[in-house]
Amino acid sequence: MNQDLQRERAGASFNPELLTNVLDGSAENTQRRREIENLILKDPDFQHENLNFLSRSQRYEVAVKKSATMVEKMRKFGIADPDEIMWFKKLHLVNFVEPVGLNYSMFIPTLLNQGTTAQQEKWLHSSQGLEIIGTYAQTELGHGTHLRGLETTATYDPETQEFILNSPTVTSIKWWPGGLGKTSNHAIVLAQLITQGKCYGLHAFIVPIRELGTHKPLPGITVGDIGPKFGYDEMDNGYLKMDNYRIPRENMLMKYAQVKPDGTYVKPLNNKLTYGTMVFIRSFLVGESARCLSKACTIAIRYSAVRHQSEIKPGEPEPQILDYQTQQYKLFPLLATAYAFQFVGAYMKETYHRINEDIGHGDLSELPELHALTAGLKAFTSWTTNTAIEACRMACGGHGYSHCSGLPNIYVNFTPTCTFEGENTVMMLQTARFLMKSYDQVHSGKLVCGMVSYLNDLPSQRIQPQQVAVWPTVVDINSPDSLTEAYKLRAARLVEIAAKNLQAEVIHRNSKEVAWNLTSIDLVRASEAHCHYVAVKLFTEKVLEIQEKSIQAVLRRLCLLYSLYGISQNAGDFLQGSIITESQITQVNERIKALLTAIRPDAVALVDAFDFQDVTLGSVLGRYDGNVYENLFEWAKKSPLNKTEVHESYKYLKSLQSKL
Amino acid sequence: MHPDIDSERHLQPFSVEELTNILDGGAQNTALRRKVESIIHSEPELSLKDNYFMTQNERYEAAIKKTFHILMLAQRLGWSEGSRELQYASRSVSGDLGFGIHHIFQKTIRSLGSEEQIAKWDPLCSQFQILGTYAQTEMGHGTNLQGLETEATYDVATQEFVVHSPTMTAIKWWPGDLGRSATHALVQAQLICSGARQGMHAFIVPIRSLDDHSPLPGITIGDIGPKMDFEHTDNGFLKLDHVRIPRENMLNRFAQVLPDGAYVQLGVPKSNYFSMVVVRVDILLGEVLPLLHKACVIAVRYSVIRRQSHLRPSDPEAKILDYQTQQQKLFPPLAMAYAFHFVANYVLEFLHHSYSFILDRDFTLLPELHALSAGLKAMLSDFCTQGVEQCRRACGGHGYSKLSGLPSLLTRVTASCTYEGENTVLYLQTARFLIKSYLNTQKSPGSASKASLPQSVAYLTAPDLARCPAQMAADFLHPELYTTAWAHVAVRLIKDSVHHLETLRQAGADEYDAWNQTTVIHLQAAKVHLYYVTVKIFTEALEKLESQPAIQQVLKRLCDLYALHGILTNAGDFLHDGFLSGAQIDMARKAYLDLLPLIRKDAILLTDAFDFTDQCLNSALGCYDGHVYERLFQWAQKSPTNTEGNPAYEKYIRPLLQGQRARL
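Residues numbered from 1 in each chain as written. Chains lettered and ligands numbered in written order. Predicted model: local features only at pLDDT ≥ 70, side-chain atom pairs only at ≥ 80, totals over all residues. Heavy atoms only, no water.

Colleague: How would you summarise the overall build of chain B if you had to cite specific residues and measurements?
Modeller: Counting its regular elements, chain B contains 23 helices and 11 strands. The C-alpha radius of gyration computed for chain B amounts to 28 Å, which stays within 12% of the reference 26 Å derived for 664 residues, consistent with globular compactness. The dimensions of chain B, computed from C-alpha atoms along their principal axes, are 90 × 90 × 65 Å. Split into buried and exposed, the 664 residues of chain B put 60% on the buried side. As displayed, chain B offers around 25100 Å² of accessible surface, 54% of which is attributable to carbon and sulfur atoms. On chain B, the mean spot of the 61 positive side-chain charges and the mean spot of the 70 negative ones are 4 Å from each other. (Helix = DSSP H or I, 4+ residues; strand = E, 2+ residues; numbered from the N terminus. Rg over C-alpha atoms; globule rule 2.2 N^0.38 Å. Buried < 20%, exposed > 50% of the residue type's maximum accessible area, 1.4 Å probe, protein only. Areas by Shrake-Rupley, 256 points an atom, 1.4 Å probe, with all protein chains shown as cover. Lys, Arg positive; Asp, Glu negative; His and termini not counted. Charge placed at Lys NZ, Arg CZ, Asp CG, Glu CD.)

Structure (structure tokens):
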């Protein structure tokens, strides 16, 4: 064990194990998680070469092998609970990238949600048993976010009782689906349904794409890998072009809408329930932001405790770089953010399960708010995390740029979260739509509830003139509750500004859509402020729940830092709204510095509490034992460029010397 | 030509060609550049098109091969070392070449070597009889040169230096061209002679055999492994085990070890310091800025081809560039792309101007040059990195594909935030200069101090308004108004920064603790100062374009946007002492929003003016003709994952499918 890390751990003010239990939900959960993780760590079938040294094709091959092994092992170990599946996958797949993954995460759930009992009987068994491997093909080369714009067509032919699938243009080629390029032999394809000469919009079809037995593309199908990406090297994201490709009528998923043998279209009764899957995935992504940011913080903070550089005082030994104020200022607000997002993620998961039960009982009342909240929080947490991972990487200086740090991989595999499952700006605007609706509702005299209830208190909405003291005059910068109030006021103010600007543009432009576009920057700001408020509020509430004094104390410091740092970074909003005074901003900045010093002794213990195994971190810099430099050297020696003492390209050097 | 991009080029309120000439520094340069580009692009060996499909090994080999071809071309066509032709050649292959550090090796010998040493080594370098690298950074030490651990101990008996890596952390780590290419290394090591440590000195150490390229005895050498990018460069490690080199291999222009081991210092080697300045200025124009320019070209072009959703229900799907949020993502980076062009050229001119003075041992301008180049390197690399990433994400999913070109631009530009001086350290160097300059103004009130204040900080003593006079949104389109606003905030923060430092000192903290406890505020002051400097340089550059009013007008919008974007993202700093009121911030925001649709009209032309060839952009999304989707489809099919079969099927997928079926 590196001595610096040993000293850091001995000097912490709390026992990280207790904090780990808080993060896992309970001590029992921590124990079960570790049991499952150990199943993998001790299993030789999961060992493989370091992915950093492999080509893309080799990485894909390793991932397929691991997918296959995993399917067998999960069955063998009896792992079926969704949380446990996640722990299991988290460990064996460094970055969750899994070619067979979409069979389980999209193909089967869609079949369950949208297939009739007969269809489930036909396909479910074989896909669960991997007799067929499915994927989900929605996005096209020219269309992503805007679903109604998809161009793939499925035209019904009553004579043969088949659908004829076509990709009529280049832009209609299915593009991006994971596992589509090389792995899957079936796909659920979203296409515009045309029957009896009329287009009925998007519907889902089960399409065989590769021949069972030979795995060759079927006639009429063009399928392949979309080529190298920023990350996700192990995944065969694919393309799919269909040319008058016929599938039987029974391959359209018909739980809701139907096409009768004669071609008659039967409308679905209720299609709002498809919301469910999106909400689930987005709330899962909030947790994913928290995990990735926690990993990045673990690496950067451990390395900063091991790395020594320059001198604060001449003649003294070089200090740990974590002792520099600028390094603390780079990393501790991100650490606080990681904790904030951990609790936001846990809240989203609970809320999803609670509301899902309500939906099961036919109560859809909370769905719109949940939908709006998950969209916004997915965008808010992924944008923040995206920037924060990069900041952690750069805080590791040059070594952060090497793949040995693990940080480039975390970044490139995380960053698509900002664009997939709903592009972030579009997500923020969905939240804004809900905020505007709520604002209008209050404006017309009806109260709103849930996270937006602060809109009931807007000064312009007050009916009774005597209630004057709306903005509290003093924000106590040492009280998380008081800071939550400040964030609430900021959100209320920005929602109101966006609403008023929108109204003005509507009057001015005479078109709601044009007005919406011309206010969209304000609308995104309002959504961001709303999400920021929610994060501060949830963090503050979580701290109050903690019983153990030492844990509560350290989390309270992080909560304060998270809230104050946000105020300092967005000082303009707080000053302009007269929520905080100029002299308070100065105090906020001073308080932040004091908090950095207070958190410093606990920094390493705080990242230890995330409890990542070295295998999961995939980082030489972030090793638990802190033996960074020895292992950096060992790691580099394995680089493919070092396989021969004299590189092949020496021929060019040689001839250069002779020709010039 | 795709009609959606064609229509963007129909109306030309200004001459794109003239703007290109301005960017190239004259019409002759544009012509020369295009000539070189056409030569380069006609050589199939110099194509970049397979880059995205290559492994690290293949990228390295391809870069060496390209370098070899370009050197042969240069020899044939008479392009001399350091010529514009070679610069343009490098630009047209996106700098995808080897031996970058060989040139630094050579330059360092020229500046730190004696005449005798130069006469011996320089021709060997020019003729590539030897290949050099510059080995400074160690595994455990980068920024702090004094902390380097490699030792060179003089042995009087044999008149040799014994160069040695005493610890694991002393292993040289990161030097380019070291891993696989170089035959010689310029090693920075602690000189020990006659039992005394004399600090860092430079030594020429042969590392590979000139016969068969194998490592020499005592040398452990190799590649440091895969990185985020720079796969074409063999960044390496070097461990020295008591390697002996002759006394003559220590570069001795400024210091010498006599045969008997006596150490002689020959003046202060300030030029050592100076060479870092030169490199920092060079990389701005040569490496960092073109990456942002390319990202803007790709993202803006793609945004007029990509259509998504409807602005009005009855309209066809809209170009995504017509969405306000997309404009807000792309136009600030575009404005920076232009702002930084003028800024980088300004620093380059300042460097040329100071160069002759410094060679004449007049170091008056050096502190300012050093502070400015350090700070602007940090600021430009930070902003360019953020800008490229912003452009990449503005392209949605396709921006994640390497075929878009954007991931590679990002992974390349982001390296510049930590190489050639870690950015935080560099900002703090600027901050030290600011504090010193400010304290100077306090020392001698009324004396000649103002005249002697360096140009970039002259505003510290300029008269300052307490309140911004703006009364309506249009007032924020006056360069003088926003430049003054930036100056005001910079002065306030510098004063604040000094005040914090003094307060801690007076409270009894020693100087070093006081500095460390106030670095966050110094950082903030330095950043605002630099923003002010860039706004000022941009506005002054515009004044010189009076004879080309159409271009001046379109660039002024970018300058306004650049200044206002900064004010709005740092609104707290402007509101803090009431310099701007809340109402004025709203005016600034209105002025900013009103600029977006104006810039929208010229956006394609503004990116066309950078004049990158399609081959050089190497992007399926950013080609001039706008045929995005066809190209993506074609390029994807060339991926080895599609052309080389699928071994994973035979090995794993087939058994998986069949094994399961048997069991069912």
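Colleague: Can you tell me about the sheet that holds strand 7 (residues 219–223) of chain B, naming the residues and giving the values?
Modeller: Spatial strand order, 4-8-7 (chain B): 3 strands in an open sheet with antiparallel pairing. Two strands lie at the open edges of the sheet, namely strand 4 (172–173) and strand 7 of chain B, each paired on one side alone. As defined by bridge partners, strand 7 of chain B adjoins strand 8 (residues 236–240) of chain B across 5 bridges and the pair is classed as antiparallel. Considered in strand 8 of chain B, the bridge of Asp223 of chain B is made with Gly236 of chain B. Helix 21 (residues 628–637) of chain A rests against strand 4, strand 7 and strand 8 of chain B of the sheet, and its axis sits at about 115° to strand 8 of chain B. (Pairing = 2+ DSSP bridges. Contact = heavy atoms within 4.5 Å. Axes fitted to C-alpha atoms, helices over the stretch in contact; angles between N-to-C directions.)

Colleague: A description of the UniProt feature "active site" (unreviewed entry) in chain B should follow, citing residues and the corresponding values.
Modeller: Residues and elements named next belong to chain B. According to UniProt, the "active site" (unreviewed entry) feature falls on Glu420. Position of Glu420 among the secondary structure elements: in the loop between helix 11 (406–413) and helix 12 (423–443). Judged by its relative accessible area of 30%, Glu420 is partly exposed. In contact with Glu420, not counting residues within four places along its chain, are Val279, Arg280, Ile283, Lys377 and Leu426. (UniProt positions renumbered as here; feature names shortened; annotations may be inferred.)

Colleague: Let's hear about the side chain of Ser184 of chain A: which residues, and what values?
Modeller: All names here are of chain A. Within the secondary structure, Ser184 sits in the loop between strand 4 (174–175) and strand 5 (186–195). On the basis of relative accessibility, which here comes to 0%, the residue Ser184 falls in the buried class. Here the side chain of Ser184 touches Gly179 through a polar contact of 2.8 Å, landing on its backbone oxygen. With sequence-adjacent residues up to four places away left out, Ser184 is seen in contact with Ile133, Gly134, Thr135, Gly179, Ile209, Arg210 and His215. (Polar contact = N/O pair within 3.5 Å; in protein donor to acceptor, adjacent residues only side chain to side chain.)

Colleague: Can you lay out the UniProt feature "binding site: FAD" (unreviewed entry) in chain B for me, pointing to particular residues and giving the numbers?
Modeller: Residue and element names in this part refer to chain B. The UniProt record marks Thr137 and Gly176 with the feature "binding site: FAD" (unreviewed entry), using the residue numbering of this structure. Annotated residues spanning 40 residues; largest pairwise C-alpha distance 10.8 Å, indicating a single compact cluster. Inspection of the secondary structure assignment puts Thr137 in the loop between strand 1 (132–135) and strand 2 (151–155). Discounting chain neighbours no more than four positions away, the residues touching Thr137 are Gly142, Lys172, Trp173, Trp174 and Pro175. Within the secondary structure, Gly176 is located in the loop between strand 4 and strand 5 (184–193). Since its relative accessible area comes to 6%, Gly176 is described here as buried. Those residues in contact with Gly176 that sit more than four places away from it in its chain are Ile101, Thr133, Thr233, Asp234 and Asn235.

Colleague: Before we move on, can you summarise the pattern of salt bridges with the specific residues and values?
Modeller: Evaluated as defined, the whole model comprises 68 salt bridges over all chains. Residue Arg623 of chain A pairs with Asp625 of chain A through a salt bridge whose shortest N-O separation is 3.0 Å. For Asp625 of chain A, a relative accessible area of 19% corresponds to the buried category. The salt bridge partner of Asp315 of chain B is Arg312 of chain B, with a shortest N-O separation of 3.6 Å. Overall, Arg312 of chain B belongs to the partly exposed group, its relative accessible area being 39%. One network of salt bridges, in which partners are shared, links Glu17, Asp24, Arg33, Arg34, Glu37, Arg91 and Asp611 of chain B. (Salt bridge = Lys/Arg side-chain N within 4 Å of Asp/Glu carboxyl O.)

Colleague: Describe the packing of helix 2 (residues 16–24) of chain A against helix 3 (residues 27–41) of chain A, with residues and values.
Modeller: All names here are of chain A. It is at 7 Å that the axes of helix 2 and helix 3 come closest, and there the two elements cross at 90°. If you check the angle between helix 2 and helix 3, you find them roughly perpendicular. For the pair formed by helix 2 and helix 3, the contact residues are Glu17, Thr20, Asn21 and Asp24 on the first element and Ala27, Asn29, Thr30, Arg33 and Arg34 on the second. Looking at the contact of helix 2 with helix 3 residue by residue, the classes come out as 1 nonpolar, 4 polar and 4 charged. (Parallel < 35°, antiparallel > 145°, perpendicular 65-115°, else oblique. Nonpolar A, V, L, I, M, F, W, Y, C, P; charged D, E, K, R; others polar.)

Colleague: An account of the sheet that holds strand 8 (residues 238–242) of chain A is requested, with residue identities and associated values reported.
Modeller: Judged by pairing direction, the sheet is antiparallel, and its 3 strands sit side by side in the order 4-8-7 (chain A) without closing on themselves. A strand with exactly one partner marks an edge of an open sheet, and here the two such strands are strand 4 and strand 7 (221–225) of chain A. Alignment of strand 7 of chain A against strand 8 of chain A, held across 5 bridges, turns out to be antiparallel. Directly across from Asp225 of chain A, in strand 8 of chain A, lies its bridge partner Gly238 of chain A. Sitting on the sheet, helix 21 (residues 628–637) of chain B is in contact with strand 4, strand 7 and strand 8 of chain A, with an inclination near 115° to strand 8 of chain A.

Colleague: Account for the nonpolar core, with residues named and values stated.
Modeller: In this structure, Tyr339 of chain A together with Tyr338 of chain B are the most contacted members of the largest nonpolar core, which totals 326 residues. The element contributing the most residues to this core is helix 8 (residues 270–305) of chain B, with 17 residues. Setting aside residues up to four positions removed in sequence, Tyr339 of chain A forms contacts with Leu19, Leu23, Phe539, Leu555, Leu558, Leu606, Ala609 and Phe610 of chain A. By size, the runner-up hydrophobic cluster in this structure holds 25 residues, among which are Ala154, Leu193, Met242 and Ala257 of chain A. (Core = buried A, V, L, I, M, F, W, Y, C linked by side-chain atoms within 4.5 Å.)

Colleague: Can you lay out unusual backbone geometry for me, pointing to particular residues and giving the numbers?
Modeller: In this structure, Glu421 of chain A takes a positive phi of about 55° despite not being glycine. Mapped onto the fold, Glu421 of chain A is located in the loop between helix 11 (407–414) and helix 12 (424–443). The phi torsion at Trp174 of chain B lies on the positive side, around 95°, for a residue other than glycine. Mapped onto the elements, Trp174 of chain B comes out in the loop between strand 4 and strand 5.

Colleague: Describe the interface of chain B and chain A, and please don't skip the residues or the numbers.
Modeller: The extent of an interface is frequently quoted as the accessible surface area lost upon association of the parts. On the side of chain A, 129 residues touch chain B, which itself brings 133 residues to the contact. For the pairing of chain B and chain A, the buried interface totals around 11400 Å² over both sides, and the portion due to carbon and sulfur atoms is 61%. The three residues of chain B that bury the most area against chain A are Arg180, Met228 and Tyr400 of chain B, which together make up 7% of that side's buried surface. When the shortest N-O distance is used, the salt bridge between Lys329 of chain B and Glu423 of chain A registers 3.2 Å. Inspection of the chain B/chain A interface yields 59 residue pairs in polar contact (both at pLDDT 80 or more). For the side of chain B that touches chain A, the leading source of residues is helix 23 (residues 647–663) of chain B, giving 13 residues. Considered class by class, the residues forming the side of chain B that touches chain A number 54 nonpolar, 48 polar and 31 charged. (Buried area = accessible area lost by both parts, 1.4 Å probe.)

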